[in-house]
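# Topology and contacts: notes
The primary structure of each chain is shown beneath.
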Amino acid sequence: MRVNLRVNGRPRQVDDVWEGESLLYVLRERMGLPGSKNACEQGECGSCSVRLDDVLVCSCLVAAGQAEGREVLTVEGLPGASAPSSALSSDPSGDSSEDDRSGELAPIQQAFIDAGAVQCGFCTPGLLVAADDLLRRDSDPSDADIREALSGNLCRCTGYEKILDAVRLAAARGETRRREGG
Amino acid sequence: MTGTVGVPTRITQGSGTKGGVGESTLRPDGTLKTTGEFAYASDLWHEDMLWGHTLRAPHAHALITRIDLTDALLQPGVYAVLAYADLPAAKRYGLELRDQPVLCDGRVRFHGEPVALVAADHPETARRAAAKIVVEYDVLPPVTDEAAATAPGAPLLHPDRDDDHAPHVPHPNIVRRQPVRRGDIEAGRARAAVIVRQDYEVGMQDQAFLGPESGLAVPADDGGVDLYVSTQWLHVDREQIAPVLGLPEDKVRLALSGVGGAFGGREDLSMQAHAALLALHTGKPVKMVYNRYESFFGHVHRHPARITYEHGATREGKLTHVAARIVLDGGAYASSTPAVVGNAASLGLGPYTCENVDIEAIGLYTNNPPCGAMRGFGAVQACFAYESQMDRVAAELHLDPVEFRQLNAMEQGSLMPTGQPVDSPAPVAELLRRVRSMPMPPERQWESAGEGADLRALPGGLSNTTHGEGVVRGVGYAVGIKNVGFSEGFDDYSTARVRLEVVGGEPVATVHTAMAEVGQGGVTVHAQIARTELGVAQVTIQPADTAVGSAGSTSASRQTYVTGGAVRHACQAVRAEVLEIGRRKFGSYHPAWATAELLLEGGKIVTDGGEALADLADVLEGDPVERELEWRHRPTQALDHERGQGNGHVQYSFAAHRAVVEVDTDLGLVKVVELACAQDVGKALNPLSVVGQIQGGTTQGLGLAVMEEIVLDPEAKVRNPSFTDYLIPTILDTPPLPVDVLELADSHAPYGLRGVGEASTLSSTPAVVAAVRQATGLALTRVPVRPEHLTGT
C-alpha cells in the first residue's frame, strides 16, 4: 500500500508498504530515519518514541497505515521542532560543544550530552522525544514529574540519574532563556 | 540509496587545550547519539541486502528425528535455508571450550537453540519461511539441576568432553570445579562462639542491553567476508567465526558497529557466524536483527546459583572460619562458565580477612539456558550470600553490622584466601564509613507534597495501593570485592596504534584500537590519554576493527586499564620518537634538548619548565610518527586444582552501598528510596563517566534484588522472554543514587586507575535485601525478592 504522511515537517510518500509494517519499520527501513530505535517492538521500552500529531507514542505499536495523513516528529526532527538553543548550548565550564555540530542540536539534546546522560545511547532518541514532550507541557517539572513522564523509557546503562540531570539542565537553561527574553 | 549505510566513521574531537586525563570530557560520540545518526548494528543497510532469520528449538532437550527444508526453500523471496548438514567447515564454537554447535547437531540441549537459518528479501518473508521448515523432535526429559545432572545414569550433556577441565571434575556434567582452601576449618570451628549456616539462591538475571543482537555480513570479492557487528571483542569473534566459514582469519574482517549496551551478553557469538554463512552462501549482503523475544534466547545470562555458607566468629566479632559451596548453573554450553567458577571461588570470602577458608565452586552442564558473562561475573552471586551472612553473624553477636564488617575488613597487605597478597589500597572499612556517613533521605517523603500523599513516593506508586499505612522503612549495608582484568594466567593484552602528525598547521593525534565501545566511554578516555601524553587538542578516534591488533574484551572492568594502558604506551613511544627527531634536528641550538625533561604541549616541544624549544610542524615536516604496540599488565597465575592457591588476579576493586527502602508490608511492595555508593576508583580518568558507571552498576544490582529473573518452567523452557514479563528498573523504580568516589592510586596501574565497571553491581543487591530484611524481619535468602516472599502468600 501507499502511505502519505508528514515527517519532521516534510511531506513523505512511501510505496510498497506491507500492511503489517509498523510506523517504526517504515521510518527506519523505508525512510532512512533509523534514529527511532527497535529495542523491544512491543511498547515496553520507549526507544521508538515519536510524536504522532501531538501525542507521544511508541512507533512500534502504530501500524504504518494509521499514520496516513498525520504529522510525525522523530528524534531527527527535534532541532527544528524545539525552541532554538542559540548561545545556551554550552555549559558554564565552556567544555561542551565538543565538535562543530552542536549548532544543530535542540536544547534537550545538548543537555543530554553535557550532563553525561548518554552511555550506549540506544535509549537516548526515545528519551529525548519524551523529555522534549514533557518540557513542552511543563517548563519547570519537579523530579517526580520527570520520573513519571519518562517512566515509559527504559535505560540499562545510566541508572537514570544523569538523565534526570539532563532534563533539569534543559529546564534551567530554558528558564534562563525566557528570563533573558531570548 | 546505494552502497552501504551506517558503516562506522571516524570521530574527531577537539577540546581547546584541555580535555586530558582527570577531566570530565564529554563523549566524542555524544552528538551523533543524540541526533539519531549514530549507526547501531541494527541500523545498517546495504544495497541489495537480504534479511536473515533463525529458527529455534521449542524444547529444552530433544533429538531431531527429521528436518525438511523444502517448503521453506520454495517460498518466493527466499534465497537460502541452512541447517547443520549445510555447515561448510567447523561445526562448533565457544569462548573457552568449543562445545556449542553453530546450528543444532541433532540433539537440542536448550530451549531456543538455533536449528536453521533463512535468508529472504523481507524480514517477514524470512520469518514465514522459517515457520515452514519441518522439524520433528523426540522430546527428552531435561536435566535441570545439580541433583539431576550428577545422578547415577544422568544423561551427559557432552559425552565426548576432552577439555582441560574434564580430568579435574567429579562428574562429566560439571564444567569446572575449583576449591579454595586455606588454614584449618575445623580449628576455626572450634574457636567460634557463633556459627551461622544458611542456604541462598540467586535467580537467573539477564543483561537486557537495549540494542538487540544485530549485524550485517557482506561477501567480499576475495572470497572473504566483511562483518559489521556489535560485540565486546572483535578478535575473539573472528577466532571463532573463521573456522566455521572455513576461511583464514585475514579473509574474515570485522568492524564494530554501534553497540547498544553489552554487560557481558555480547561476549559470546550470537548472529555473527550465521549472517556470514548466509552471506557467503547467497553471495549477497545479509542483515540479521533479533527482536526482544529472540534476544532473550540469543545470548547467555547470569548464572543462577545455589549457595551454602557457614560463617563462624568469636564473641569479639572476628571471623574464625568461612566455608562455602557455590553451585553455578552454566546451562547447556560452557560459554565462560570456567572463569565464572574461578571468580566465585577466589572471591567467595568477600573483602574480608579470615585464616580458615574452605570454598568450593562448581559450574554445571544442564538443559537450562546457557549462562556466561554478566557484569560482576561470579562475584555477584557470592556477594549476595556472604553479605547476607555477615548481617546474620552480626545479629547473632549483637554487633552493629557495619562495625562487624569493618572489624574483619581486608586492607592493603592482606592475603586473599588464594594466598595472593593485596598489594594496592583496599579501603574496605573506609568505604563503609563513607557510605554510612552520607545524609539519610527524609522520612515519609510522600507527605512533603502538602495535602494528600504523593503516591509516586510510595511503594506501589500510582497504583494507589497505600497512602502510607503499613509502610515500614529499612536500611541495609553491603560491600564487595571484584577482580579487574582477565585472571588465572590468561595473556591479557591490548594493542594501540597512535599517529601524530601536523595537519593544516595543527597537531592531530589519531588513535586506532580494536576496543569495543559498548557505551562505557572508552573512546572518551582514549582521546583524553592522547591529549595528556601528546599535548594535542585534536584527537581522531578510528573505528574499531580487526585491521589493528586485538584489544581484548570489553569486560572484567579492564578496558581503561588495559587498552588505556596500550594507548598510553603507544603515545609514549610516539613522543619519544618525536623528541628524538627534534634532538637530531635542533639539539645543537639549545642545551635544554640534552638536559631538561621534555614534553609535548600545544603543538610544541617544551621543557618541564615551560620553555618552548621547537614547533611540532618544524620537527615533523609533514611526516607523521606512528607506532602500533601491545601492552600487558602484570602476569597472573593459574589456581591449583586442589587448594586454589596462586596469584590469580591482576587488581581488585571495592564498592560499598547503603540502601534505604520502604516496604508496604501488607502487599509486599518494595520502594527503594535511596541507594548510596562509595567506590574506590584509584584515579578517575573521567569523573563524569566514572559516576555513570557506578550508578549503572548499582541499578542493575537493584534489579537483581527485587525485580529481575528469567523464569523457567518445569520443562526448562523460558517463560518470560519479553520486557513485559522480564522487568528491569524504570526511572520510577530507581531512586536517587548518590556516589562518593575515592581515589587511592594503584601504583601498578596506568595513572593509578582501578577498573570501575563492575564493583557497584555486587554490593547493591545485598544492601537492598538487607534493608528489606530490616523493614520486614524476614530471612529473605533468595533474590530477586518477590512480593509473595514478603507477604507469605
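Residues numbered from 1 in each chain as written. Chains lettered and ligands numbered in written order. Predicted model: local features only at pLDDT ≥ 70, side-chain atom pairs only at ≥ 80, totals over all residues. Heavy atoms only, no water.

### Quick word on the domain arrangement of chain B
All names here are of chain B. This is how the line gets drawn: Here the bounds of each domain stem from an automatic or database domain assignment. Here, residues are in contact when the closest pair of their heavy atoms is within 4.5 Å. The term buried area denotes the loss of accessible surface (1.4 Å probe radius) that occurs when two parts are joined, taken as the sum for both partners. By salt bridge we mean one thing: a side-chain nitrogen of Lys or Arg within 4 Å of a carboxyl oxygen of Asp or Glu. Throughout this description, a polar contact denotes any pair of N or O atoms lying within 3.5 Å of each other; where both atoms belong to protein, one of them has to be capable of donating a hydrogen while the other can accept it, and for residues adjacent in sequence the pair is counted only when both atoms sit in side chains. Amino acids are sorted into nonpolar (Ala, Val, Leu, Ile, Met, Phe, Trp, Tyr, Cys and Pro), charged (Asp, Glu, Lys and Arg) and polar (every other residue, Gly among them).
Once the domains are mapped, chain B shows domain 1 (45-140 + 214-259 + 266-298), domain 2 (156-206 + 301-379), domain 3 (411-487 + 644-791) and domain 4 (493-632). A separation of 34 Å is found between the C-alpha centroids of domain 1 and domain 2. Listed per partner, the contact involves 15 residues of domain 1 and 23 residues of domain 2. Of the roughly 1,500 Å² buried where domain 1 meets domain 2, counting both sides, 52% is carbon and sulfur surface. Area buried by domain 1 at its contact with domain 2 is led by Glu96, Leu97 and Arg109, which between them contribute 37% of it. For the interface between domain 1 and domain 2, the tally reads 0 salt bridges. Where domain 1 packs against domain 2, one counts 11 residue pairs in polar contact (both at pLDDT 80 or more). Here the side of domain 1 that touches domain 2 is composed, by residue class, of 6 nonpolar, 2 polar and 7 charged.

### A word on the interface of chain A and chain B
Taken residue by residue, the interface counts 56 residues in chain A and 72 residues in chain B. On the surface where chain A and chain B come into contact, there are 6 salt bridges. The salt bridge involving glutamate 29 of chain A is made with lysine 287 of chain B; its shortest N-O contact spans 3.5 Å. At the boundary of chain A with chain B, the tally comes to 27 residue pairs in polar contact (both at pLDDT 80 or more).

### Side note on the packing of aromatic side chains
Spelled out, the test is: Two rings belonging to Phe, Tyr or Trp (six-membered ring only in the last case) form a pair when the distance between their centres is within 6.5 Å. Interplanar angles under 30 degrees mark stacking, angles over 60 mark edge-to-face geometry, and anything in between is tilted. Helical segments are the DSSP runs of H or I of at least four residues, strand segments are the runs of E of at least two, and each set is numbered from the N terminus. Under the scheme applied here, a residue whose accessible area is under 20% of the maximum for its type counts as buried, over 50% as exposed, and between as partly exposed, the area being computed with a 1.4 Å probe on protein chains only. Charges are assigned to positions over rings by a cutoff of 6 Å between ring centre and Lys NZ or Arg CZ, combined with an angular limit of 35 degrees from the ring normal.
A complete count under the given rule lists 15 aromatic pairs over all chains for this structure. Measuring from ring centre to ring centre gives 6.2 Å for tyrosine 561 of chain B and tryptophan 631 of chain B, while their planes differ by 40°; the resulting arrangement is tilted. One end of the pair, tyrosine 561 of chain B, is in helix H14 (residues 559-586); the other, tryptophan 631 of chain B, is in strand S30 (residues 625-632), with 70 residues separating them in the sequence. Summarising the burial analysis for this pair, tyrosine 561 of chain B and tryptophan 631 of chain B share the class buried. In textbook terms, an aromatic cluster arises when at least three aromatic residues are bridged by ring pairs, as seen for Phe122 of chain A together with Phe38 and Tyr40 of chain B. Lying across the ring of phenylalanine 38 of chain B, lysine 33 of chain B places its NZ or CZ 4.9 Å from the centre. Just above the ring of phenylalanine 209 of chain B sits the side chain of arginine 266 of chain B; from NZ or CZ to the centre is 3.8 Å.

### Thoughts on the pattern of salt bridges
Any two side chains of opposite charge can pair, so long as their charged atoms come close to each other. Residues and elements named next belong to chain B. According to the stated counting rule, one finds 72 salt bridges over all chains in the structure shown. For glutamate 310, the salt bridge is made with arginine 197, and the minimal N-O distance between the two is 3.2 Å. Of the two residues, glutamate 310 sits in strand S19 (residues 305-313) while arginine 197 sits in strand S13 (residues 194-202), which places them 113 residues apart along the sequence. Among the residues examined, arginine 197 registers a relative accessible area of 56% and is labelled exposed. Its salt-bridge partner being glutamate 758, residue lysine 482 comes within 3.1 Å of it at the nearest N-O pair. In this pair, lysine 482 sits in strand S23 (residues 471-484) while glutamate 758 sits in the loop between strand S33 (739-742) and helix H18 (759-776), placing the two residues 276 residues apart along the sequence. Residue lysine 482 shares its accessibility class with glutamate 758, and that shared class is buried.

### Focus on the environment of proline 721 of chain B
All names here are of chain B. Among the secondary structure elements, proline 721 is positioned in the loop between helix H17 (687-706) and S33. On the basis of relative accessible area, proline 721 is assigned to the buried category, the value being 9%. Linking proline 721 and phenylalanine 297, residues 424 residues apart in sequence, is a C-alpha distance of 7.8 Å. Here proline 721 is in contact with Arg292, Tyr293, Phe296 and Phe297, once residues within four sequence places are set aside.

### A look at empty space enclosed by the protein
Residues and elements named next belong to chain B. As a reminder, the rule being used: Buried and open spaces are told apart on a 1 Å grid over the protein atoms alone, a cavity being a set of points where a 1.4 Å probe fits but cannot get out and a pocket being an open set with protein on both sides within 12 Å along at least five of seven lines. Residues with an atom within 4 Å of a point are the lining residues. Grid points are joined across faces, edges and corners, and a volume is the space filled by probe spheres set on the points.
This structure, assessed with the given rule, holds 8 cavities of 30 Å³ or more. Roughly 200 Å³ of internal volume is contained in the largest cavity. In terms of lining, the largest cavity is formed by 22 residues, of which the most central are Gln100, Phe110, Phe297, Gly298 and His299. Of all the secondary-structure elements, those providing two or more residues to the lining of the largest cavity are strand S8 (100-101) and helix H8 (292-298). It is H8 that contributes the most residues to the lining of the largest cavity, 3 residues altogether. Its residues assigned to classes, the lining of the largest cavity comprises 13 nonpolar, 7 polar and 2 charged. Domain assignment of the residues forming the lining of the largest cavity places at least three in each of domain 1 (45-140 + 214-259 + 266-298) and domain 2 (156-206 + 301-379). Size it by volume and the second largest cavity reaches roughly 140 Å³.

### Some points on the domain arrangement of chain A
One frequently used descriptor of interface size is the decrease in accessible area upon assembly of the parts. Residue and element names in this part refer to chain A. For chain A, the assigned domains read domain 1 (3-74) and domain 2 (82-179). Contacts between the two partners involve 14 residues from domain 1, matched on the other side by 12 residues from domain 2. Counting each side, the surface lost to burial between domain 1 and domain 2 is near 1,000 Å², with a carbon and sulfur contribution of 57%. On the domain 1 side of the interface with domain 2, the three residues burying the most area are Lys37, Arg51 and Leu56, jointly 39% of the side's total. Viewed at the interface, domain 2 and domain 1 are joined by 2 salt bridges. Of the charged contacts, one joins arginine 136 and aspartate 54 as a salt bridge, the two residues approaching to 3.1 Å between their closest N and O atoms. At the boundary of domain 1 with domain 2, the tally comes to 5 residue pairs in polar contact (both at pLDDT 80 or more). The biggest single contributor to the side of domain 1 that touches domain 2 is strand S3 (residues 49-52), with 3 residues.

### What about the sheet that holds strand S10 (residues 114-120) of chain B?
Residue and element names in this part refer to chain B. To be explicit about the condition: Whether two strands pair depends on DSSP finding at least two bridges between them. Working convention: axes come from line fits to C-alpha atoms, limited for helices to the stretch in contact. Angles between N-to-C directions cover 0 to 180 degrees.
The mixed open sheet is built from 7 strands, whose spatial order is S6-S10-S4-S17-S14-S15-S16. Unpaired on one side and paired on the other, strand S6 (78-83) and strand S16 (252-256) mark the two borders of the sheet. Each strand axis lies, on average, 20° off the axis of its neighbour in the sheet, ignoring direction. Examined bridge by bridge, strand S14 (residues 214-219) and strand S17 (residues 286-289) share 4 bridges and lie antiparallel to one another. Its bridge partner being in S17, alanine 217 is matched across the sheet by valine 286. Against the sheet, helix H3 (residues 123-131) makes contact with strand S4 (50-56), S6 and S10, and its axis sits at roughly 30° relative to S4, the strand it touches most.

### Points about unusual backbone geometry
Residues and elements named next belong to chain B. Here valine 783 and proline 784 are connected by a cis peptide whose omega angle stands at 0°. A positive phi is found at alanine 556, a non-glycine position, where the angle reads about 60°. Structurally, alanine 556 can be placed in the loop between strand S26 (538-541) and H14. Positioned with a positive phi, leucine 780 is a non-glycine residue whose angle comes to about 50°.

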